[in-house]
Amino acid sequence: MKRVMLTSSLLITVTVVLVPFYWLAVGATHDTGDIFGSPPPLLPGGHLLDNLANLEQGIGFSRTVLNSLLISLVYTVLSGAVCTLAGYGFAKYSFRGREPLFGLLMLGLVIPSQVTLVPLFKMMLALDWLNTYQAIVLPNLALPFGIFLMRQSMSALPDELLAAGRADGCGELRLFVRIVLPPMRPALAALGIYLFLYQWNDFVWPLIALRTKDAYTIPLAIASLQGATETDYGQILAGTAVAALPMAVLFLLLQRHFVSGLLAGAVKE
């Protein structure tokens, strides 16, 4: 009986989660008239290519996808390096003020990002970085959650292992690359997925920092399709489906590492 109830609850949960994605995929293959028809379509239609062609013609969607890929990949690599090094420093080095500094950093998890938009905008304006990719990538490299995740994961690494490496003559850089990073692969995979998703879906700051449509990312381009009097929801759903596809593929490929990486981040000192 318990097994039946557990299985039933899991099926209901999976259904509730997957139905919106199914509707997204179906809606992307219909035009606006079909989407708002009665009854609404439940099976794929034949307008997917038309919607994609209209997207390309209207907003240059392929350029937008390349913009998002470039920004997200560069951000993931740079922020991943910063968060990993910072997490290692907080986990394995003792220095004066370590705990207060880490506590101050963790305030970034509870302070809304919106409060930093105005000073950040003024900084980018002073540096003449508005409408540039560095204005999107650089401000959030030291992401508090990423540093916290890597610090907690690296805290579980035995200090004796590092001491043995130093005793064998390893320099700090070689110690970090050859001894510290290999056991951290699950945590690094989780961090990479989180950082990529964070940048891929970011809307508010790119909306403020980017001025021309040629520099738009996918969320901005899709938002620009919403007109004051008329909106082509077939195009919007097609663009949203394309935007969701890379993350779905990435998560499916790294699902095991993502889950184990998050569990490793839950280890306490």
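The rules behind the values
The numbering scheme is per chain: residues are counted from 1 as the chain's sequence reads. Given that this is a predicted model, residues contribute local features only at a pLDDT of at least 70 and side-chain atom pairs are listed and counted only at 80 or more, while totals for whole chains, interfaces and linings are drawn from all residues. Think of the side-chain values as coming from all heavy atoms in the structure, minus any hydrogens and water. In this scheme Phe, Tyr and Trp rings, the latter by its six-membered ring, pair at centre separations within 6.5 Å, and the angle between planes marks the pair as stacked below 30 degrees, edge-to-face above 60, and tilted otherwise. Helix and strand definitions follow DSSP, with helices as H or I runs of at least four residues and strands as E runs of at least two, each counted in order from the N terminus. Categorising residues by exposure relies on relative accessible area from a 1.4 Å probe, with only protein chains included: less than 20% of the type maximum marks a residue as buried, more than 50% marks it as exposed, and the intermediate range marks it as partly exposed. Think of it as a cone above the ring: NZ of Lys or CZ of Arg counts as a charge over the ring if it is within 6 Å of the ring centre and within 35 degrees of the ring normal.

**Q** Would you explain the packing of aromatic side chains in this entry?
**A** Aromatic rings in a pair are described by how distant their centres are and how their planes are angled relative to each other. Under the criterion given, the structure shown has nine aromatic pairs. On the basis of an interplanar angle of 70° and a centroid distance of 5.2 Å, the ring pair of Phe36 and Tyr233 is categorised as edge-to-face. Taken together, the residues span a long stretch of sequence, with Phe36 in the loop between helix 2 (32-35) and helix 3 (48-59) and Tyr233 in helix 14 (residues 233-265) at a distance of 197 residues. Looking at Phe36, the relative accessible area reads 57%, which means it is exposed. Centroid distance Tyr88 to Phe176: 5.1 Å. Interplanar angle 45°. Geometry classified as tilted. On the criterion of sequence distance, the pair formed by Tyr88 in helix 4 (residues 61-92) and Phe176 in helix 10 (residues 172-180) is long-range, its members being 88 residues apart. Phe176 shares its class with Tyr88; the two are buried. Three or more aromatic residues joined by ring pairs form one cluster here, namely Tyr75, Phe145, Tyr194 and Tyr198. The ring of Phe102 carries Arg151 above its face, with NZ or CZ at 4.3 Å from the centroid.

**Q** Would you explain unusual backbone geometry in this entry?
**A** Most peptide bonds take the trans configuration, and most residues that are not glycine carry a negative phi. The peptide bond linking Ser38 to Pro39 adopts the cis configuration, its omega dihedral lying at 0°. Mapped onto the elements, Pro39 comes out in the loop between helix 2 and helix 3. Although it is not a glycine, Asp128 adopts a positive phi angle of roughly 60°. With respect to the element layout, Asp128 can be found in the loop between helix 6 (117-126) and helix 7 (134-137). Notably, Asn131 is not glycine yet its phi reads approximately 65°, a positive angle. Secondary-structure assignment places Asn131 in the loop between helix 6 and helix 7. Taking the relative accessible area as the measure of exposure, Asn131 reaches 24% and is therefore partly exposed.

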